[in-house]
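Next come the chains, spelled out residue by residue.
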Amino acid sequence: MQLDFTGKRAVVTGAAQGIGRSIVAALADAGARVVALDLDPQGLLEAKAAGAEHTMTLDLADRSQVQARFAEMVAQPLENVSEHDWHQLFAANVDAAFWCAQAAAPGMKAQRDGRIVTIASGAGLRPSLTGIQAYSSAKHALVGL
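Summarised in this report is the structure supplied together with it. Treat the numbers as computed from the prediction; the structure is a model and nothing was measured. (Residues numbered from 1 in each chain as written. Predicted model: local features only at pLDDT ≥ 70, side-chain atom pairs only at ≥ 80, totals over all residues. Heavy atoms only, no water.)

### Here's the deal with the overall build of the protein
Then comes step 1: For the protein, the helix and strand inventory stands at five helices and three strands.
Then comes step 2: Of the regular secondary structure in the protein, the N- to C-terminal order runs β-α-β-α-β-α-α-α.
Then comes step 3: Relative to a compact globule of 145 residues, whose C-alpha radius of gyration would be 15 Å, the protein shows 20 Å and is clearly more extended.
Then comes step 4: Seen along its three principal axes, the alpha-carbon backbone of the protein occupies a region of about 70 × 30 × 20 Å. (Helix = DSSP H or I, 4+ residues; strand = E, 2+ residues; numbered from the N terminus. Rg over C-alpha atoms; globule rule 2.2 N^0.38 Å.)

Below, the structure is given as structure tokens:
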């Protein structure tokens, strides 16, 4: 039976070796745009060679990591991010942190003590290859702040 996955996106977990890597190759051969997920970064290089369009390291035992990776995969493509969405992402991620730091700074200066800690995301540490460029840009800005 010949399957046609042209124009479809497939996500394969355990994609770094064995059956998972074979599934990556078969789906890619059938026209799918494959996202390969695995804990093994070296094995993901081989999944890429087998036809994966994108690879992501992922510990499937970590629920929050799984949710974050899948959220990245379904994020809005760059060309569909509206000006409103762009500004809303920056307002929620960067402006809010700046306003809080700005409000806290005078008290810390008066006490001559204090720390401001912002929590970003791994998306702020590397370029986005998964369609979350607006989110990643906001997180990069937050890291810079």
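Picking up where we left off.
### A few points about the pattern of salt bridges
Then comes step 1: This structure, assessed with the given rule, holds three salt bridges.
Then comes step 2: Salt-bridge contacts for Arg21 lead to Glu46; the nearest nitrogen and oxygen are separated by 2.9 Å. Of the two residues, Arg21 sits in helix 1 (residues 18-29) while Glu46 sits in helix 2 (residues 41-49), which places them 25 residues apart along the sequence.
Then comes step 3: Of the residues examined, Arg21 reaches a relative accessible area of 23% and is grouped as partly exposed.
Then comes step 4: Arg33 serves as the salt-bridge partner of Glu53, at 3.3 Å between the closest nitrogen and oxygen. Placement of the pair is Glu53 in the loop between helix 2 and strand 3 (54-57) and Arg33 in strand 2 (residues 33-38), with a sequence separation of 20 residues.
Then comes step 5: Residue classification places Glu53 among the partly exposed residues on the basis of a relative accessible area of 31%.
Then comes step 6: On the basis of relative accessibility, which here comes to 40%, the residue Arg33 falls in the partly exposed class. (Salt bridge = Lys/Arg side-chain N within 4 Å of Asp/Glu carboxyl O. Buried < 20%, exposed > 50% of the residue type's maximum accessible area, 1.4 Å probe, protein only.)

### Side note on helix 5 (residues 133-144)
Then comes step 1: End to end, helix 5 covers 16 Å across twelve residues, agreeing with the expected 16 Å (1.5 Å per residue, within 8%).
Then comes step 2: By the burial criterion, the buried members of helix 5 are Ala134, Ser136, Ala138, Lys139 and Leu142.
Then comes step 3: Those residues of helix 5 that are buried lie in contact with helix 4 (83-111). (Expected span 1.5 Å × (residues − 1). Contact = heavy atoms within 4.5 Å.)

### Points about the environment of Ala120
Then comes step 1: Residue position: Ala120 is located in the loop between helix 4 and helix 5.
Then comes step 2: A sequence separation of 87 residues divides Ala120 from Arg33, and the C-alpha atoms of the two residues are 29 Å apart.
Then comes step 3: Leaving out residues up to four positions away in the same chain, Ala120 has contacts with Lys139, Leu142 and Val143.

### Let's talk about the side chain of Lys139
Then comes step 1: Here Lys139 is to be found in helix 5.
Then comes step 2: Excluding its chain neighbours within four sequence positions, the residues that come into contact with Lys139 are Asn93, Ala120, Ser121, Ala123 and Gly124.

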